Amino acid sequence: MLGLMQDWPLTVDRILDHAKANFARREVVTRSIETGALSRSNYGTIHRRAKQVTNALQERGVGFGDRVATLAWNTERHLEAWYGAMGMGAILHTVNPRLFPEQIAWIINHAEDKILFFDTTFTPIVEKIAPLLKTVTTYIVFTDRDHLPQSGLQLVAYEDFIAGHAQDAKWGGFDENTAAGLCYTSGTTGDPKGVLYSHRSNLIHAMAANQTDVFGCGASDVVMPIVPMFHANAWAISFVAPMCGAKLIM
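Residues numbered from 1 in each chain as written. Predicted model: local features only at pLDDT ≥ 70, side-chain atom pairs only at ≥ 80, totals over all residues. Heavy atoms only, no water.

A. Quick look at the sheet that holds strand β6 (residues 138-141). Strand order in the open sheet formed by 7 strands is β7-β6-β5-β3-β4-β8-β9, and the pairing between neighbours is mixed. Unpaired on one side and paired on the other, β7 (155-157) and β9 (194-198) mark the two borders of the sheet. Between one strand axis and the next, the sheet turns through 25° on average, direction left out of account. With 4 bridges connecting them, strand β5 (residues 113-118) and β6 associate as parallel partners. By the bridge assignment for β6, Phe118 is matched with Val141. Packing of helix α7 (residues 199-209) onto the sheet brings it into contact with β8 (179-184) and β9, and relative to β9 it is tilted by some 70°. (Pairing = 2+ DSSP bridges. Helix = DSSP H or I, 4+ residues; strand = E, 2+ residues; numbered from the N terminus. Axes fitted to C-alpha atoms, helices over the stretch in contact; angles between N-to-C directions. Contact = heavy atoms within 4.5 Å.)

B. Molecular detail of the pairing of β8. Most of β8 sits inside the fold, with 6 of its 6 residues counted as buried. As defined by bridge partners, strand β4 (residues 91-94) adjoins β8 across 2 bridges and the pair is classed as parallel. Paired with Leu92 across the two strands is Gly181, which belongs to β8. By the bridge criterion, 5 bridges tie β8 to β9 in an arrangement that is antiparallel. Its bridge partner lying in β9, Gly181 is registered against Tyr197. (Buried < 20%, exposed > 50% of the residue type's maximum accessible area, 1.4 Å probe, protein only.)

C. Region of the structure containing the nonpolar core. Of all hydrophobic cores here, the largest spans 52 residues; its most connected members are Leu57, Val68, Tyr83, Phe117 and Leu248. Going through the elements one at a time, α1 (13-23), α2 (43-59), α3 (76-87), β5, α6 (158-162), α7 and α9 (237-244) are the ones with two or more residues in this core. Beyond its immediate stretch of four places on either side in the chain, Leu248 contacts Glu27, Val28, Val29, Tyr43, Leu79, Val223, Pro225, Ile237 and Ala241. (Core = buried A, V, L, I, M, F, W, Y, C linked by side-chain atoms within 4.5 Å.)

D. Structural context of the pattern of salt bridges. All told, the structure shown has 11 salt bridges when counted by the stated rule. The partner of Arg49 in a salt bridge is Glu159, with the nearest N and O atoms 2.7 Å apart. Residue Arg49 is located in helix α2, and its partner Glu159 is located in helix α6; the two are separated by 110 residues in the primary sequence. With respect to class, Arg49 is no different from Glu159; both count as buried. In this structure, Asp160 and Arg145 form a salt bridge, with 3.0 Å as the shortest nitrogen-oxygen distance. Of the two residues, Asp160 sits in helix α6 while Arg145 sits in the loop between β6 and β7, which places them 15 residues apart along the sequence. The exposure class assigned to Asp160 is partly exposed, which follows from its relative accessible area of 34%. We classify Arg145 as exposed; its relative accessible area is 60%. Shared partners join several salt bridges into a network, and the residues in it are Glu34, Arg49, Arg77, Glu80 and Glu159. (Salt bridge = Lys/Arg side-chain N within 4 Å of Asp/Glu carboxyl O.)

E. Region of the structure containing the sheet that holds strand β2 (residues 38-42). In space, the 4 strands of this open sheet follow the order β2-β1-β11-β10, with mixed pairing throughout. Sheet topology places β2 and β10 (222-223) at the edges, where each strand pairs with a single neighbour. Of the strand pairs in this sheet, strand β1 (residues 27-31) and β2 are connected by 5 bridges, and their pairing is antiparallel. Bridge pairing links Val29 to Arg40 in β2. Relative to β2, α2 is tilted by about 80°, and along the sheet it contacts β1, β2 and β11 (247-249).

F. The packing of aromatic side chains, seen in detail. Applying the stated criterion to the full structure yields 9 aromatic pairs. Taking 6.2 Å as the distance between ring centres and 55° as the angle between the ring planes, the aromatic pair formed by Trp73 and Phe230 counts as tilted. With Trp73 in the loop between β3 (67-71) and α3 and Phe230 in the loop between β10 and α8 (232-235), this residue pair connects regions lying 157 residues apart in the sequence. Of the residues examined, Trp73 reaches a relative accessible area of 26% and is grouped as partly exposed. (Phe/Tyr/Trp six-rings, centres within 6.5 Å; stacked < 30°, edge-to-face > 60°.)

Here you go:
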């Protein structure tokens, strides 16, 4: 006989749904990559925009199990893409920009990423490796049209990418052991190796990380992750903070 209490899969979209329902106005503050100014968002806004990311990705042909790459710093836009991809069952592939360009190209090809999101900082790297990339169909820059870099590549401004899309989309409804994130090792012994995080592992890790003897965060806390989102899922902080309603400083 099975119990029926909370009978739903442990998928990470539940975390942001919870944050929207209980901590919608809790702030996420980012130092802008383009201008250096402070940008203030909140979990309610990030939830809506992450849903727009989902719809925009689906319009571009991204489906369940497809890989979506990010080459980016810690920002609220990165967080939106993070949940927008994972929530629909795509696999969010965070790429380490500190690797050699040739390694980055190898990793993206090996993962067979369809979409590449990146910060303006990394435009020179993307321009260098683009001729080597075999599966990327769309290059999206985490910026608006006014700050879109001049490039020989056909770049899409993130704000244009999500503009006009519905602020609701179906998330979850799949097995909790489904892959949610993909990180590659540094390649110190041979070619880099891909490591897949499941939805279940991410959610349980976040719950464990938020215990008293680890982070022990609460809704009255302010958290600034120093570890980048492309390294070990930012030590789960991208899940921990919205789970408990802590304010995020990116």
